Amino acid sequence: MKKKIHLRLVVLQPDQDAPIISSYNDRIRPLLDAVDKLRHLMITREGIQLPTIVVVGDPIVREHKSIPQPELFLEFNGKVVKTDEEHVSEAINLATDEIAGLGKGISNTPLTLEVRKNGVPDLTMVDLPGITRVPVHGQPDNIYDQIREIIMEYITPEESIILNVLSATVDFTTCESIRMSQMVDKTGERTLAVVTKSDKAPEGLLEKVTADDVNIGLGYVCVRNRIGDESYEEARVEEARLFESHPMLSKIDKSIGGGACSGTEAEECRRRCPLSSEAMTAFMQIIGLAKESLRKILVRGEFDEYPDEQNMHCTARLVEMLNHYSVELHRNVEGNPANNFLMEEIMVLEEAKGIGLPNFLPRSAFLTVLQKKVNGISSIPINFAEKVWNYVEDVVISVIMQHSDNYYQLQLSFRRAGHNLIAKMKERSVNWVMEMVEMEKLTDYTCNPEYLSEWNKLMAQEDSFMKDVLTNEERPSMVKLEGFGDIEVEKLRQYSHVLQQAFDMKMRMTAYWKIVLKRLVDCLALHLLLCVGNLVNKEFEIEIVNELMGPGGGIERMLEESPSVAAKRQKINESIQLLKKSKEVVAKIMDKIGTFSD
């Protein structure tokens, strides 16, 4: 969908020590003429508004009004000074001295030049100071901070489009103007760059503009500066010849000549409208792009495609779900371990007793308690597995919907195929989890040395506990036991014949249960990592292709253009023609902007 852009063009120039005031006609007139021509081309129909141009150059606000007879007024510090075209430069110098002082300082106080002249467009243009890091004679020590504050004030609003003027001879990543623009436009969605002096440093320029290490979201425009007394027309011819014949510059995409940001949507539309013979290629390309996106967000933990959508930062969300699962498992253990201490073990031992030697711990009793505990938490890992796959399904559907945008029929099939694929993966995982739970109920086993270590630590309290319960003459009603708290023991005295066995079984179960819970977390985490990896690297492409290529599939039919997309494509083609004309107008001004950095 086309976005309406309220255009405020902000030009960031590289470091410069040039005088603060330059020729009005040389620097401003071409900008105004270009904007006026764009208005006549009705570029606003493309959602581009042209009310204000903000140029980082001089601290002046120029307001232009169209009237029959030219009139010029300077407004500053509450006063209005009338001037004319012949003396406007002198008037600006005097006003600047009054506002910023006689030195080479700057001021945030606006100096408004109102031009009323027939044939000029009605607009306001803000011209800001160029970036100066090292103060020259007469400038304050904090000149850089002052300029930076003014520039940031104008480039911060989101409706501003920032135009960075960069020299091909420098490293883009070290440019001060880039650093400033990135502070307010991290993704580069409203940043454009003009690369001047392309003929002076062609080596590596292709890599600079294609790698885009500095996030220029609206694209690059590479230009050749005028040389000597060349006219604009001569310069344009020489520039075209340079980019066509130069062994390095000729490799730069022609769209970088000024229309990269305009051509993106058209190129996207062309990708979305394959011929019948290309349907399979287009289909597999969609699958490949979706697969790579899923690999990035589900496996590698990269989310540059979805920087502001936290739900698509998948590895982080999966870790959160795993941590919550672990907490829930441990929280589900009996609330207060001191309540009815040893009573469950005593009851089980009483029912498991048989003819045989005394003081032997029946294994059947231990397994009975273990199975009961596992049954108590068995639904938690199953619910967790289902929750993870529900989340993965949402992610997968979202990604394939994005990459098949505008193919309505294909999206319906993708959604169905994605749902079926995840349903299969979920069923496998749930079955695996149920097997894991059954294995924990089957027997008691671990080779983890922590079990014996924990059991021995707990059993070290056995003698003192038995003494307090059975032989202590004071017969205390409460006994403190580390790890369990205060135990009410009066009821236990009547089971003295099985108390030692019950204590031993309790401590074994306590030590072993910690191993079980860790195993349920660790194994399920590894299982899900493996399954998600298989989903992305194997299952996704195979299952989706097989389902859509099966009976009743019809890739060509799925890739048919909807009427709305066909209408959009026609409108985009019309826009291309209009933008090409606009590009010619803008191209003529680019050389002029480029000279500002010299």
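Model, not experiment: these values are computed from the prediction. The numbering scheme is per chain: residues are counted from 1 as the chain's sequence reads. Given that the model is predicted, a residue must reach a pLDDT of at least 70 before its local features are reported, and side-chain atom pairs must reach 80 or more before they are shown or counted; all residues, however, enter totals for whole chains, interfaces and linings. Each side-chain value is worked out from all heavy atoms of the structure, with water and hydrogens disregarded.

**Q** Explain the overall build of the protein to me, please; I cannot follow it from the model alone.
**A** A run of H or I in DSSP counts as a helix once it spans at least four residues, and a run of E counts as a strand once it spans at least two, with each numbered from the N terminus. Looking only at helices and strands, one finds 19 helices and twelve strands in the protein. Contact definition: two residues touch when any of their heavy atoms are within 4.5 Å. Partitioning the contacts of the protein with sequence separation of at least 6, the portion at a separation of at least 24 is 80%. All accessible areas in this document rest on Shrake-Rupley with a 1.4 Å probe, and a residue is counted as covered only by the protein chains that are shown. Accessible surface, the protein: about 31100 Å² in total, of which carbon and sulfur atoms supply 52%.

**Q** It is not clear to me how the nonpolar core should be interpreted in this structure. Could you clarify?
**A** It is characteristic of soluble globular proteins that their nonpolar side chains tend to be buried jointly. To form a nonpolar core, buried Ala, Val, Leu, Ile, Met, Phe, Trp, Tyr and Cys residues must be joined to one another through side-chain atoms within 4.5 Å. The buried label applies to any residue whose accessible area, calculated with a 1.4 Å probe on protein chains only, is under 20% of its type's maximum; exposed applies above 50%, and partly exposed to all values in between. Val392, Phe414, Phe465 and Leu492 are the most contacted members of the largest nonpolar core, which has 92 residues in total. Residue contributions to this core peak at 24 residues, all from helix α17 (residues 499-549). Look past the residues within four positions of Phe414 in its chain and what remains in contact with it is Phe283, Ile286, Ile287, Ile397, Ile400, Met401, Ser404, Ile544 and Leu548.

**Q** I keep staring at a nonpolar patch on the surface and nothing clicks. Help me out?
**A** Patch members must show over 30% relative accessible area and no salt bridge, and they are joined within 9 Å when carrying like charges or within 5 Å when they are nonpolar side chains of Val, Leu, Ile, Met, Phe, Trp or Tyr. Only one rule defines a salt bridge in this text: a Lys or Arg side-chain nitrogen within 4 Å of an Asp or Glu carboxyl oxygen. Side chains of Met280, Met284 and Met549 sit close together on the surface and give an oily, nonpolar patch of about 240 Å² of accessible area. Judged by relative accessible area, Met280 falls into the partly exposed class, the value being 36%.

**Q** Would you explain the environment of Leu342 in this entry?
**A** Inspection of the secondary structure assignment puts Leu342 in the loop between α10 (314-331) and α11 (343-352). Leu342 sits 157 residues away from Leu499 along the chain, and the two C-alpha atoms are 8.0 Å apart.

**Q** Please clarify how the packing of α11 against α17 should be interpreted in this entry.
**A** When two helices pack together, their arrangement is given by the angle between their axes and by how far apart the axes lie. Lines fitted to the C-alpha atoms define the axes, with helices restricted to the stretch that makes contact. Angles between their N-to-C directions range from 0 to 180 degrees. Taken N-terminus to C-terminus, the directions of α11 and α17 make an angle of 120°; their axes are 9 Å apart at the nearest point. α11 and α17 meet at a crossing whose hand is right-handed. Residue-level contacts link Glu345, Ile346 and Leu349 of α11 to Leu499, Gln501, Ala502, Met505 and Lys506 of α17. Residues are grouped as follows: nonpolar covers Ala, Val, Leu, Ile, Met, Phe, Trp, Tyr, Cys and Pro; charged covers Asp, Glu, Lys and Arg; every other residue, Gly included, is treated as polar. In terms of residue class, the contact of α11 with α17 is built from five nonpolar, one polar and two charged. In this scheme the crossing of two helices becomes right-handed for a clockwise turn of the near helix relative to the far one and left-handed for an anticlockwise turn of less than a right angle.

**Q** Looking at this structure, I do not really get a negative patch on the surface. What am I missing?
**A** We score Asp and Glu as negative and Lys and Arg as positive, and we do not count His or the chain ends. Think of each charge as sitting on NZ of Lys, CZ of Arg, CG of Asp or CD of Glu. Residues Glu158, Glu189, Asp308 and Glu309 make up a contiguous surface patch of negative charge. Turning to its location among the elements, Glu158 is positioned in the loop between α4 (143-155) and β8 (160-167). The exposed category is assigned to Glu158, whose relative accessible area is 71%.

**Q** Just to check I follow, could you spell out unusual backbone geometry for this structure?
**A** Glycine aside, residues mostly have negative phi, and peptide bonds are mostly found in the trans state. One non-glycine residue with positive phi stands out, namely Asn215, at about 60°. If you trace the backbone, Asn215 turns up in the loop between α6 (205-211) and β10 (220-222). Note on Asn215: relative accessible area 35%, which makes it partly exposed. A positive phi angle, close to 45°, is found at Arg475, a residue other than glycine.

**Q** Please clarify how the confidence of the model for the protein should be interpreted in this entry.
**A** The predicted structure's coordinates, where accompanied by low pLDDT, should not be read in detail. Confidence along the protein averages 79 in pLDDT terms, with 76% of residues attaining 70 or more. pLDDT is defined as a per-residue confidence score from the predictor, taking values between 0 and 100. In this model, residues 263-276 is a region of pLDDT below 50 whose contacts with residues beyond four sequence positions or in other chains number 20 contacts.

**Q** Even after reading the chapter, I still don't get the packing of aromatic side chains, so can you show me in this structure?
**A** The geometry of two aromatic rings is summed up by the distance between their centres and the angle between their planes. Only Phe, Tyr and Trp rings take part, Trp by its six-membered ring, and two of them pair if their centres are within 6.5 Å. Stacked means planes under 30 degrees apart, edge-to-face means over 60, and tilted covers everything else. Taken as a whole and assessed by the stated rule, the structure comprises eight aromatic pairs. Considering the side-chain rings of Phe172 and Tyr220, the 6.2 Å spacing of their centres and the 20° angle between planes classify their relative orientation as stacked. Of the two residues, Phe172 is situated in the loop between β8 and α5 (176-184) and Tyr220 in strand β10; the sequence distance between them amounts to 48 residues. Looking at Tyr220, the relative accessible area reads 4%, which means it is buried. Measuring from ring centre to ring centre gives 6.2 Å for Tyr451 and Tyr512, while their planes differ by 90°; the resulting arrangement is edge-to-face. Pair noted here: Tyr451 is in helix α15 (residues 449-459) and Tyr512 is in helix α17, with a separation of 61 residues, a long-range link. With a relative accessible area of 15%, Tyr451 lands in the buried category. The rings of Phe341, Phe465, Phe484 and Phe503 are connected pair by pair, giving a single aromatic cluster. We call a charge positioned over a ring when the NZ of a Lys or the CZ of an Arg lies within 6 Å of the ring centre and within 35 degrees of the ring normal. For Lys208, the ring lying beneath its charged end belongs to Phe172, and the centroid distance is 4.8 Å.

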